[in-house]
Amino acid sequence: MIKNEYRIIGVMSGTSLDGIDLALVTFNYNGHWSFEINKAETISYSKEWLMELKHLVNQSKESLKNLDVRYTKYLAKIIEEFIAKYDIENIDAICSHGHTALHQPEYKLTYQIGNLPELARQLKETVVCDFRAQDVELNGQGAPLVPIGDQLLFEEYEYCINFGGFANVSTTIDFKRVAFDICPMNIVLNKYVSALGQAYDDRGIIASQGMMHLKLLEELNGLEFYKENYPKSLGLEWVNEVIFPLIDSFDLSLRDVLRTFVEHIAIQISNVINEKNKVSILITGGGVYNDFLMKRIEALSSNEIIIPTKDIIEFKEALIFGFLGILKLRGENNCLSSVTGAARDHSSGKIFSFNI
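Every chain begins its residue count from 1, and numbering advances along the sequence as written. With pLDDT at 70 or above as the cut-off, local features in this predicted model cover only qualifying residues; side-chain atom pairs require 80 or more to be listed or tallied, and sums for whole chains, interfaces and linings still use all residues. In computing side-chain values, all of the structure's heavy atoms are included and hydrogens and water are not.

**Q** An account of the overall build of the chain is requested, with residue identities and associated values reported.
**A** Note on conventions: DSSP H or I runs of at least 4 residues are helices, E runs of at least 2 residues are strands, and numbering of each starts at the N terminus. Within the chain, the regular secondary structure consists of 13 helices and 13 strands. Its C-alpha atoms give the chain a radius of gyration of 20 Å, near enough to 21 Å, the size a compact globule of 356 residues would have. A burial count over the chain gives 56% of its 356 residues as buried. Counting only contacts in the chain whose residues sit at least 6 apart along the sequence, the fraction spanning at least 24 positions is 70%. Lys and Arg are tallied as positive, Asp and Glu as negative. Neither His nor the chain termini are counted. To locate a charge, take atom NZ for lysine, CZ for arginine, CG for aspartate or CD for glutamate. If you average the places of the 34 positive and of the 47 negative side-chain charges in the chain, the two averages end up 2 Å apart. Just to be clear, the radius of gyration here is over C-alpha atoms, and the globule rule we use is 2.2 Å times residues to the power 0.38. Each residue is placed in one exposure class: buried if its accessible area under a 1.4 Å probe, protein chains only, is under 20% of its type's maximum, exposed if it is over 50%, and partly exposed if it falls in between. Any two residues whose heavy atoms approach within 4.5 Å are treated as being in contact.

**Q** Explain the environment of Phe 27 residue by residue, including any values.
**A** In this structure, Phe 27 sits in strand 2 (residues 20-29). In this structure the C-alpha to C-alpha distance between Phe 27 and Ile 307, which are 280 residues apart in sequence, comes to 22 Å. Contact partners of Phe 27, with chain neighbours within four places excluded, come to Asn 4, Glu 5, Tyr 6, Ile 8, Trp 33, Ser 34, Phe 35, Leu 153, Leu 319, Gly 322, Phe 323 and Ile 326.

**Q** Would you mind going over the sheet that holds strand 2 in detail, with residue names and values included?
**A** Paired strands are those between which DSSP finds at least two bridges. The six strands are arranged 3-2-1-4-7-13 in an open sheet whose pairing can be described as mixed. The open sheet terminates on both sides in strands that have one partner only, identified here as strand 3 (33-43) and strand 13 (350-352). Strand after strand, the sheet turns through a mean of 20° between neighbouring axes, direction not considered. Bridging between strand 7 (residues 127-129) and strand 13 involves three bridges; their strand directions are antiparallel. In this description, a line fitted to the C-alpha atoms serves as the axis of each element, helices being fitted only across the stretch in contact, and the angle between N-to-C directions of two axes falls anywhere from 0 to 180 degrees.

**Q** Would you mind going over the packing of helix 8 (residues 214-221) against helix 10 (residues 254-273) in detail, with residue names and values included?
**A** What describes two packed helices is the angle between their axes and the distance between those same axes. At a closest axis distance of 10 Å, the pairing of helix 8 and helix 10 adopts a crossing angle of 40°. For the element pair helix 8 / helix 10, the angle class is oblique. The element helix 8 and its partner helix 10 pack so that their crossing is right-handed. The segment helix 8 lies against helix 10, with Leu 216, Leu 217, Leu 220 and Asn 221 engaging Thr 260, Phe 261, Glu 263, His 264, Ile 267 and Gln 268. Partitioning the contact of helix 8 with helix 10 into residue classes produces five nonpolar, four polar and one charged. Here is the rule for angles: anything less than 35 degrees is roughly parallel, anything more than 145 is roughly antiparallel, 65 through 115 is roughly perpendicular, and the remaining ranges are oblique. By convention, the crossing between two helices is left-handed when the near helix turns anticlockwise from the far helix through less than a right angle, and right-handed when the turn is clockwise. Residue polarity is assigned by list, with Asp, Glu, Lys and Arg as charged and Ala, Val, Leu, Ile, Met, Phe, Trp, Tyr, Cys and Pro as nonpolar; anything else, Gly included, falls into the polar class.

**Q** Give a detailed account of the packing of aromatic side chains, specifying residues and quantitative values.
**A** Two aromatic rings, drawn from Phe, Tyr or Trp (for Trp, its six-membered ring), form a pair once their centres lie within 6.5 Å of each other, and the interplanar angle then sorts them: stacked below 30 degrees, edge-to-face above 60, tilted otherwise. Applying the stated rule across the entire model yields 16 aromatic pairs. For the pair Trp 33 and Phe 323, a centre-to-centre distance of 5.2 Å together with 80° between the ring planes defines the contact as edge-to-face. Residue Trp 33 is located in strand 3, and its partner Phe 323 is located in helix 12 (residues 310-329); the two are separated by 290 residues in the primary sequence. Look at Phe 323 and you get buried, because its relative accessible area is 0%. Ring centres of Tyr 71 and Tyr 74 lie 6.1 Å apart, and the angle between their planes is 50°; this geometry places the pair in the tilted category. Pair noted here: Tyr 71 and Tyr 74 are both in helix 2 (residues 61-85), with a separation of three residues, about one helical turn. Comparing Tyr 71 with Tyr 74 shows no difference in burial state: the two are buried. By the ring-pair criterion, three or more aromatic residues cluster together here, those being Tyr 6, Phe 27, Tyr 29, Trp 33, Phe 35, Phe 154 and Phe 323.

**Q** Could you give an account of the packing of helix 8 against helix 9 (residues 236-248), with specific residues and numbers?
**A** It is at 10 Å that the axes of helix 8 and helix 9 come closest, and there the two elements cross at 165°. Taken together, helix 8 and helix 9 sit at an angle that is classed as roughly antiparallel. In the packing of helix 8 onto helix 9, the handedness of the crossing is right-handed. Of the residues in helix 9, those touching helix 8 at Leu 216, Glu 219 and Leu 220 are Ile 243, Leu 246 and Ile 247. Here the residues of the contact of helix 8 with helix 9 are counted per class, giving five nonpolar, no polar and one charged.

**Q** Can you explain the pairing of strand 5 (residues 99-104)? Please cite residues and give values.
**A** The element strand 5 is extensively covered by neighbouring structure, given that five of its six residues are classed as buried. Sheet topology note: the strand 5/strand 6 (residues 109-113) ladder contains five bridges and is antiparallel. Bridge pairing links Thr 100 to Gln 112 in strand 6. Counted between consecutive antiparallel strands, the loop separating strand 5 from strand 6 contains four residues, among which Lys 108 sits at a positive phi close to 55°.

Bear in mind that shape data such as this cannot, by itself, settle questions of function.
Next comes the structure, spelled out in structure tokens:
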């Protein structure tokens, strides 16, 4: 489907479990891509869905398949309500990431729930989804997938970093786009602050009141993952197996845990962005609202930190998954081997027509 203008709904659910991001976006191509976010909204998960999604890695394969069916129907209902609320018509496609249930690319395993053909049948729209599986089959990490959007939609920034469940980065090195997960982020901070009955540490106030534990910080920064070369990616399984047991072995107060982990995040991010001098860095994602974390990053780097408009902060990933869907519909590469380590660049994702 080659044309110069597309109306797409991009849909994203991240590991931080903030909710389902939906964005109606108009894309235009005139030698370069441009976009406008027309409508955007985040739908929070119910307590029931939050509990199920938090424990995906403990589910059997059969249980995951059953959950996939239910989640796909639930996701379709959320998208239907978004379309009805804003009276949206003339959509070229709905492009959905789904939600990551399992991600172990070293075993050629990745599973996103919510990517079944039922999504297209229920919505009666063309759906492009399941963007990770093909890359893993081609010996890639299956993540991150956003960098092609960074390259074509945000080319004026030297680094594009997203602060979600994990912090990830993309940049250009030796004329090739590279990207990787930097470290866990909200997936850890939110877990510990939930003990206070809060979804997140508002502006990082609780963390700012804690004391940094130097031994824990040293052990976190010394983890093998940080010594590995890219491409590399992280999953909830690794956090459960490595990060949480390490933190819990120190028996610290909640405030001290948060303070120490914020410093860990800031150090790992500064290690990456300080490899280039006097460059601009675009930071998006919910973690941008953690004022204390942002101050620590700025203190550790002399580069220019750019925080964009609210719609870009909150919906950049939904925007780019919409863009990945357009590239798939056009038969153009949307997954870069220089980013994921796959055998080749390729056009990833599945296209489901509503009349199947």
